[in-house]
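Read off the chains here:
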Amino acid sequence: MLLNSIIIENIRSYTHEEIVFPRGISLFEGDIGSGKSTILMAIEFALFGLGSQKAESLLAKKSESGYVVLEFSVDSEKFEIKRTLKRKSTGVNQDPKNSWIKTGDGIEPLSPSELKQRVLQILKFNEPTEPTAESRIFRYAIFTPQEAMKEVLGDSRKRLGTIRRAFGIEDYSIAEMNAKEVTSQIRLELAVLQQKFSNIIELESQISESEKLVIELNEELAKKQNQTRVLKEQEDKLNAEHKELQAKNNEKIKLKARKENLQDRIDSAKIRIERIEKDFASWEDELKENTEKLGPLLEIKSPPISKKIPEIVSEIKKFQKINDEMIKLESERKGAEEDIIRLKENFGAKLDLKRESLQDTLDELIRERESLEKFATEIKEKLEKVNDQKIQKETLKNSLEKEIARFSQLGNACPTCKQEITEKHHHSLVDEKDIEVKSLTRELHEITESFFESKEKSKEIQGKIEAYEQEILQLREIIPRVEEYGVKSARENQLGTEIKGLQNKLQDSEFEGKNPVEYLTELKDNLMKFESVTDKIKQIVETKQRIERSIIENQKEGEKLEDIILENETELKKTETELISFEDIEQSIFKVEDNLDSLRKEISGISNMVAASQEKLHNEQEKIVQNQKKITESRKYESKFKIVSQHKEWLEAFFVPAIIQIEKQVLLSILQNFNETYRRWYSILVEDPTKESRIDENFTPIVNQDGYDQEVGYLSGGEKTSIALAYRLTLNSLMRKETDSMKSNLLILDEPTDGFSKNQLGKIREVLDELKSEQIILVSHEKELETYVDNIFQISKQDGISKIARMS
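I will try to describe carefully the structure that is included in this document. Predicted model only: the values in this text are computed from it and were never measured.

## Observations regarding a negative patch on the surface
- A contiguous patch of negative charge on the surface is contributed by Glu274, Glu277, Glu559, Glu562, Asp563 and Glu567.
- When contributions to the negative patch are tallied by element, the ones reaching two or more residues are helix 8 (200–298) and helix 12 (516–580).
- It is helix 12 that contributes the most residues to the negative patch, four residues altogether.
- Here Glu559 is to be found in helix 12.
- Looking at Glu559, the relative accessible area reads 53%, which means it is exposed.

What follows is the structure, encoded as structure tokens:
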């Protein structure tokens, strides 16, 4: 891989810079803190993303976004990469919308993680593609910060870790670490498993105790069940005895009920006999009373009439209707007489006039009134016309008088053209106007007289109209009253005729001179009285016959009841005799029931004990089953414990030692080449025949001087830098051999001469020539290196902003 160019925008202290990387050796020099390392960080960010770096530390503090565009070549094919950082409210992150790679086929937008995968594919780096993973090959074959290398040399754990990562054999240490972690987890699992089967002995002891208790409970249950069986037999005997006694008691109850029934029959029959005897006395009194009532009733005779009551009632209604009609007519005639008297009092002799004559007079008056009203209207119109003429004449007169007055004021001037005129002409004009005024005055006098005459005539006509109106009103009031008077008089005569006809109907010789309604009502009452007496006689006769029949029937019933009483008394004595044999039956039943209660309580108590024992037996049997299940489960854990223990033993005794031994052998195979390469680089950098350096089996640099080994920590700064650079160049040389894509010789050295003396600085040229790399980038603040390089870039910082200038 070779670098072609880079564009840096808002990255750390850079606002915008573009660098074209030439072939050969290029030196980027500048003061400490000027921004040299930022260029190297930007290159690594463009290729592999953030890795372990924080995005916040790369993006310029006051910028919302920044980016790096890197162009590089692999096997003569050019590639261009862009990565962008964007600040959001949640922090700084890579912007997936502005991330791409440009190839010969064009621009391909990729997410940050996809871009890293694509770069690793192009570089043929067989490495993890996780976004946080650093590139092992890039870090140890191309670019390792010098300070980071010094730190590695000072820490044996980091040093071996670096060797493992550099040569891709960290899997052995990871496997060892994972195996130890697994072993630790197995120990924990074994402790848990051991805890799960540690209760087997206790469970077996519990099962043994439960089995003994089960035997005891079964023996006790057998005894209790036998005892219950004996008590049940006794209960059955008592139940049979109780049933027999209960049957006898039921018989006794039936006899008692029969006795009470017989006694009730006897008592009922005796009560019935007593009631019959009382009825006999009552019936005799009733017969006597009815006989006494019958005599007077037989003396009453029937009225001498052939009509029946309904016919009489019909005639009463007919004559009552005539009476009601007469009363109604009399009332109406009286009202008519009162109306006629009132009309005569109000209108007197006018009522005798004919209605046609009055109507003719009314029509004549209306015609006269209409004629006068028409004449009055004509006079009114004439008055209005005369008044209008009067107003016109008065207006004209006033106008002429004003003109005469104005002529007098003007003197001899013409009122029209205002020119001077003669006095004669002036007087003639005034005289003409006076004549017109006098003529108008006469006309006004005539009009006024005519107006007053017409007004007097109008008043006269209006008086006649009002008189006609009064007469019309009187006639209009009288005509209806005349009509009413005629109608009332005719109705009064008609009512008198109708009343006389009704009176003739009521006067009949059949009613013996009485009012027909009164006569017929009296006749109806007598007939009803006779019919009532007849009914009473019939009732008395029927009652007498009924009483006689009842007496005969009750005599027979009394004889029958006496026979029943005798029969029931005989049966009652027999029942009382039978009851004597059942006197002590209740006491026997009570005694048997008490014995049964005691026996049942005893059985219940034993049954409860049996139930409790059975439940206890069931619990113990269930406990045995559960404990056996627990033992079975614990045996499984015990078996698993043995298997897991074997795994642990295999890991500890075989796997981990084997991994350590394999890694050791691999490291020893690497160590020989590493030691030879390191000693070569050391001999170039350090020209001291008294000193030599080698790499031990832990890849620790050992310095030997005059036969004595020295620790690196006690060496000078320049010596430490020489050892670190030799170590770093050794890594670079060996890594190039293992990575196909790194044979194109790109090398980046960050502060490789920090702490070198001037004599040591002279060795850099020899080192650079030995490397034979097509492209080497040096980052240093040592100006002495300018004579050893092909290209020089000056980096400076002003007001916090870094700038790059190519010097040669």
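That shown, we press on.
## Here's the deal with empty space enclosed by the protein
- All told, the structure shown has one cavity of 30 Å³ or more when counted by the stated rule.
- Taken as a whole, the largest cavity holds about 40 Å³ of empty space.
- Taken together, Leu725, Leu729, Leu749, Pro752, Ile764, Val767, Leu768 and Leu778 form the lining of the largest cavity.
- Per element, the largest residue contribution to the lining of the largest cavity is three residues, and it comes from helix 16 (residues 763–771).
- Among the residues making up the lining of the largest cavity, the classes are represented as eight nonpolar, no polar and no charged.

## Considering the side chain of Glu29
- Assignment of secondary structure puts Glu29 in strand 3 (residues 24–30).
- Accessibility expressed as a relative area gives 2% for Glu29, which makes it buried.
- For Glu29, the residues in contact, after removing those within four places along its chain, are Lys36, Ser780, Glu782, Lys783, Glu786, Ile792, Phe793, Gln794 and Ile795.

## Concerning the sheet that holds strand 9 (residues 691–695)
- Pairing in this open sheet of three strands is antiparallel, and the strands run 9-10-11 from one edge to the other. Among the strands making up the open sheet, the edge pair consists of strand 9 and strand 11 (708–710). On average, adjacent strands in this sheet sit at an angle of 35 degrees to one another, irrespective of strand direction.
- As defined by bridge partners, strand 10 (residues 701–705) adjoins strand 11 across three bridges and the pair is classed as antiparallel. Paired with Val703 across the strands is Gln710, a residue of strand 11.

## Structural notes on the side chain of Asp696
- By the secondary structure assignment, Asp696 is in the loop between strand 9 and strand 10.
- Asp696 sits in the buried class, given a relative accessible area of 18%.
- Among the polar contacts made by the side chain of Asp696, one reaches the main-chain amide nitrogen of Asn698 at a distance of 3.0 Å.
- Of note is the side chain of Asp696, whose polar atom sits 2.8 Å from the backbone nitrogen of Thr700.
- In this view, Asp696 contacts Leu671 and Ile702; residues no more than four positions away in its chain are not counted.

## Observations concerning the nonpolar core
- Leu47, Phe72, Phe138 and Phe699 are the most contacted members of the largest nonpolar core, which has 94 residues in total.
- Tallying contributions element by element places helix 13 (residues 585–685) first for this core, with nine residues.
- Setting aside residues up to four positions removed in sequence, Phe72 forms contacts with Met1, Leu2, Leu3, Asn4, Leu47, Glu77, Lys78, Phe79, Ile81, Ile122 and Leu123.

Rules used throughout
Residues numbered from 1 in each chain as written. Predicted model: local features only at pLDDT ≥ 70, side-chain atom pairs only at ≥ 80, totals over all residues. Heavy atoms only, no water. Patch = residues over 30% accessible without salt bridge, like charges linked within 9 Å, V, L, I, M, F, W, Y side chains within 5 Å. Areas by Shrake-Rupley, 256 points an atom, 1.4 Å probe, with all protein chains shown as cover. Salt bridge = Lys/Arg side-chain N within 4 Å of Asp/Glu carboxyl O. Lys, Arg positive; Asp, Glu negative; His and termini not counted. Charge placed at Lys NZ, Arg CZ, Asp CG, Glu CD. Helix = DSSP H or I, 4+ residues; strand = E, 2+ residues; numbered from the N terminus. Buried < 20%, exposed > 50% of the residue type's maximum accessible area, 1.4 Å probe, protein only. 1 Å grid on protein atoms, 1.4 Å probe; cavity = no way out; pocket = protein on both sides within 12 Å on 5 of 7 lines; lining within 4 Å. Points joined across faces, edges and corners; volume = space filled by probe spheres on them. Nonpolar A, V, L, I, M, F, W, Y, C, P; charged D, E, K, R; others polar. Contact = heavy atoms within 4.5 Å. Pairing = 2+ DSSP bridges. Axes fitted to C-alpha atoms, helices over the stretch in contact; angles between N-to-C directions. Polar contact = N/O pair within 3.5 Å; in protein donor to acceptor, adjacent residues only side chain to side chain. Core = buried A, V, L, I, M, F, W, Y, C linked by side-chain atoms within 4.5 Å.

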